[in-house]
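Residues per chain are reported as follows:
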Amino acid sequence: MDLFRQWDDDGSGEIDRSEFIKALRAFGIDYPAEDIGRVFDDFDVDGSGQVSYRELNKMLRQGAQLSAELQ
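The structure reproduced in this document is the subject of the present report. Since the structure is predicted, the reported quantities are computational estimates derived from the model, not experimental observations.

What follows deals with the overall build of the protein. Scanning the protein for helices and strands turns up four helices and two strands. For the protein, the sequential pattern of α-helices and β-strands runs α-β-α-α-β-α. Counting over 71 residues, the protein shows a buried share of 34%. A separation threshold of at least 6 residues defines the contact pool for the protein, and within that pool the share at least 24 residues apart is 39%. Entry remark: accessible area of the protein is about 4,700 Å², with carbon and sulfur atoms responsible for 49%.

Right, here's the structure in full:
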């Protein structure tokens with residue numbers, strides 16, 4: 001939860017695409033924004049344009065696979 005809050009720059013309780021890209025780049029993942037955006041879409045299960053803590057947690061617990069573009 002602490003990591004999620006660090007990624008949530010605007011304190012909205014959800015991570016938007018730009019926050020997600022920034023967070024992954026902070027981990028040293030330096031792929032084009034379009035490729036990271038595809039991973040974001042995988043995590044944004046409900047298609048809201050935001051990743052909630054619940055969505056992120058569920059995907060990570062299921063051992064989510066990164067999009068083929070990042071493998």
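Continuing now.
Residue position: Asp35 is located in helix H3 (residues 33–43). Classification of Asp35 as buried rests on a relative accessible area of 15%. Here the alpha-carbon distance between Asp35 and Ile21, two residues 14 residues apart in the chain, equals 9.6 Å.

Calculation rules
- Residues numbered from 1 in each chain as written.
- Predicted model: local features only at pLDDT ≥ 70, side-chain atom pairs only at ≥ 80, totals over all residues.
- Heavy atoms only, no water.
- Helix = DSSP H or I, 4+ residues; strand = E, 2+ residues; numbered from the N terminus.
- Buried < 20%, exposed > 50% of the residue type's maximum accessible area, 1.4 Å probe, protein only.
- Contact = heavy atoms within 4.5 Å.
- Areas by Shrake-Rupley, 256 points an atom, 1.4 Å probe, with all protein chains shown as cover.

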